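Chains, contacts and geometry: an overview
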Amino acid sequence: MPGSRHSRFASLHDVELCTHTATGERRAFGELVRRHGSSVRGLLRRMGAQGAEADDVAQDAFLAAFERIAEFRGDGTFAGWVKRIAARGYLRRLQKERRIGALTAEQAEIDADGAGGDADGRIDLDEALKVLGAAERVCVTMCFGAGLSHQEAADALNLPLGTVKSHVKRGLDKLRTRLAPADGVAMEGRRGNG
Amino acid sequence: MAEVEFERRLERLFGEAAELPDAAQFAERVERRLDAGWTARRWLIGAAGVVGGIIGASQLMMSNVVQRVETAEDSARLLSSGLTHMTPRADWLQALSGGGSVVWVAAALAVVMMGFVLTRVIGEI
């Protein structure tokens, strides 16, 4: 009975569900999708994918994860692993459709839009990300949302490492202002994982 | 220090994605695609098994198996008649000598077995 199988899987840890999935138990993988589907889709939306596109890429990412489940060793979290697959998949789609070059072009327009935003109140991350240019948003989301290093992000984006670091730094500066304006903390520097 | 704290906070914020209202439907869509892919794979494996069986059968046909069976029948008949002269009649030898159909059934079973084995091997791969 499907319902009882779902409830049986609901009590298991992600790693145990991955073990069941590796033996061909598709319902166990369904439980993983139920748990982490929203966060993967949310990540893709934060990278700039529209609703339907984000869902398509997320579905493909989960299917790819199912096929490659034996590669997941449990070193990090399952969600993090799928997010990396999804982020790379989204970038591949952008490259295939030759939209990746438009990321930098989009930046000035969005910057101008964001300049007049609400800088005094505390706003959530999704709102704050709207202030970032497309390239900054993608780089920041890949590094802080999908957990990629700067180098991995540069490889995935096919951009020089320095360019990615610059996008991340500018993005962080803007987010810092938007997310904690009351603190008045001017933090400089950049993420030291690349 | 403040920079590191901000980055950690940012990672936490990214990790705190709200559950989307259609989360269950999304999971069902993924499961449906998984099931569809699995069904297609099973059909593919089954078809490969049938093709393997047909190839096995045709190989048996092509390797003069009829001639060999006839030779084996003649040999069995000779052996049977020789033994009849030497020893009291043995019913089982008679059964063997008239066993052209038995050989065909055995060959068919072998083909079916090959099909099964091939299906299993592809399934394991």
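Just so it is clear, the structure is predicted and the values come from calculations on it, not from any experiment.

Helix and strand content of chain A: 10 helices and zero strands. For chain A, the α and β elements follow one another from N to C terminus as α-α-α-α-α-α-α-α-α-α. Burial analysis of chain A (194 residues in total) assigns 43% to the buried set.

What follows is about the overall build of chain B. A count of helices and strands for chain B gives five helices and zero strands. In sequence order, chain B lays out its α and β elements as α-α-α-α-α. A burial count over chain B gives 9% of its 125 residues as buried.

Residue and element names in this part refer to chain A. The share of residues in chain A with pLDDT of 70 or more is 76%, and the mean pLDDT across the chain is 80. By mean pLDDT, helix α6 (residues 102-115) is the weakest element of chain A at 51, and helix α4 (residues 51-67) is the strongest at 93. pLDDT under 50 marks residues 108-122. Its contacts with residues more than four places away, or in other chains, come to 11 contacts. Overall, residues 183-194 carries pLDDT values under 50, and its contacts beyond four positions in sequence, including any with other chains, amount to 22 contacts.

Moving on, we come to the confidence of the model for chain B. Residue and element names in this part refer to chain B. Scored by pLDDT, chain B comes out at a mean of 78, with 85% of its residues at no less than 70. When the elements of chain B are averaged for pLDDT, helix α4 (residues 91-97) gives the smallest value, 57, and helix α1 (residues 2-15) the largest, 85. Confidence estimates for the predicted assembly give a pTM of 0.64 and an ipTM of 0.72.

At the interface, 24 residues of chain A touch 23 residues of chain B. Top element by residues in the side of chain A that touches chain B is helix α3 (residues 26-47) of chain A. It accounts for 10 residues. Its residues assigned to classes, the side of chain A that touches chain B comprises 10 nonpolar, eight polar and six charged.

Before going further, it helps to spend a moment on the packing of helix α8 (residues 134-145) of chain A against helix α9 (residues 150-157) of chain A. Helix packing geometry: the angle between the two helix axes and the distance between the axes. Residue and element names in this part refer to chain A. At their nearest, the axes of α8 and α9 sit 9 Å apart, and the two run at 135 degrees to each other. By the criterion of interaxial angle, the relationship of α8 to α9 is oblique. Handedness of the α8/α9 crossing: right-handed. Residues Cys139, Met142 and Cys143 of α8 touch α9, and the partners they reach there are His150, Ala153 and Ala156. Partitioning the contact of α8 with α9 into residue classes produces five nonpolar, one polar and no charged.

Take the nonpolar core next. Residue and element names in this part refer to chain A. Counting residues in hydrophobic clusters, the biggest one holds 59 residues, and the most contacted among them are Leu44 and Ala86. For this core, the element with the most residues is helix α5 (residues 78-96), which contributes nine residues. Built from parts of two domains, this core gets at least three residues from each of domain 1 (1-99) and domain 2 (100-194).

All names here are of chain B. Relative to the helices and strands, Gly56 resides in helix α2 (residues 23-62). Overall, the presence of 19 C-beta atoms within 10 Å leaves Gly56 in the partly exposed class. Sequence separation of Gly56 and Ala107 is 51 residues, and the distance between their C-alpha atoms is 10.0 Å. Residues in contact with Gly56, not counting those within four places in the same chain, are Val111 and Met114.

It is the contact of α3 of chain A with α2 of chain B, at a shortest axis distance of 8 Å, that shows an interaxial angle of 135 degrees. Relative to α2 of chain B, the element α3 of chain A lies oblique. The crossing of α3 of chain A and α2 of chain B is right-handed. Taking contact as the criterion, the partners of Arg26, Phe29, Gly30, Val33, Arg34, Gly37, Ser38 and Arg41 of chain A in α3 of chain A are, on α2 of chain B, Ala23, Ala24, Phe26, Ala27, Val30, Glu31, Leu34, Asp35 and Trp38 of chain B. When the residues that make up the contact of α3 of chain A with α2 of chain B are grouped by side-chain class, the tally is nine nonpolar, three polar and five charged.

Moving on to α1 of chain B. Under the 1.5 Å per step criterion, the end-to-end length of α1 of chain B is 20 Å for 14 residues, consistent within 8% with the ideal 20 Å. Where α1 of chain B is concerned, the buried positions are Glu7, Leu10 and Phe14 of chain B. The arc that holds every buried residue of α1 of chain B, seen down its axis, measures 60 degrees, which confines them to one face. Of the exposed residues in α1 of chain B, the ones pointing more than 90 degrees away from its buried face are Glu5, Arg8 and Arg12 of chain B. At its buried positions, α1 of chain B is contacted by α7 (125-129), α8 and α10 (161-179) of chain A.

Here we take up α9 of chain A. Residues and elements named next belong to chain A. Taken as a whole, α9 has its buried residues at His150, Ala153, Ala154, Ala156 and Leu157. What you see down the axis of α9 is that its buried residues fit within an arc of 165 degrees, all on one side. For α9, the secondary structure elements touched by its buried residues are α5, α8 and α10. Looking one or two places after α9, you find Asn158, whose phi comes out positive at around 60 degrees.

In terms of backbone geometry, most residues other than glycine have negative phi values and most peptide bonds are trans. Phi is positive for Asn158 of chain A, which is not a glycine, with a value near 60 degrees. Tracing the backbone shows Asn158 of chain A in the loop between α9 and α10.

Calculation criteria
- Residue indices begin from 1 for each chain and proceed along its sequence in written order.
- Chain letters and ligand numbers both follow the written order, the letters beginning at A and the numbers at 1.
- Only residues with pLDDT of 70 or above have their local features reported here, since the model is predicted, and side-chain atom pairs are shown and tallied only from 80 upward, although totals for entire chains, interfaces and linings are computed over all residues.
- The way it works is that DSSP assigns letters per residue, a run of H or I at least four long becomes a helix, a run of E at least two long becomes a strand, and they are numbered from the N terminus.
- Residue burial is a threshold on neighbouring C-beta atoms within 10 Å of the residue's own C-beta, all placed from the backbone, with 20 or more meaning buried, 12 or fewer meaning exposed, and counts in between meaning partly exposed.
- Residue-level confidence of the predictor, termed pLDDT, takes values from 0 up to 100.
- Contacts are defined on C-beta atoms placed from the backbone: any two residues whose C-beta positions lie within 7 Å are in contact.
- Only Asp, Glu, Lys and Arg are considered charged, only Ala, Val, Leu, Ile, Met, Phe, Trp, Tyr, Cys and Pro nonpolar, and every remaining residue, Gly among them, polar.
- Axis definition: a line fit to C-alpha positions, over the contact stretch in the case of helices; interaxial angles, taken between N-to-C directions, run 0 to 180 degrees.
- Orientation labels follow simple angle bins: below 35 degrees gives roughly parallel, above 145 gives roughly antiparallel, 65 to 115 gives roughly perpendicular, and whatever is left gives oblique.
- Crossings are assigned a handedness: left-handed for a near helix turned anticlockwise from the far helix by less than a right angle, right-handed for a clockwise turn.
- In plain words, the nonpolar core is the set of buried Ala, Val, Leu, Ile, Met, Phe, Trp, Tyr and Cys residues that C-beta atoms within 7 Å link up.
- An automatic or database domain assignment is the source of the domain bounds shown.
- The span expected for a helix works out to 1.5 Å for each residue beyond the first.
- To obtain the arc, one takes the directions from the helix axis to the C-beta atoms.

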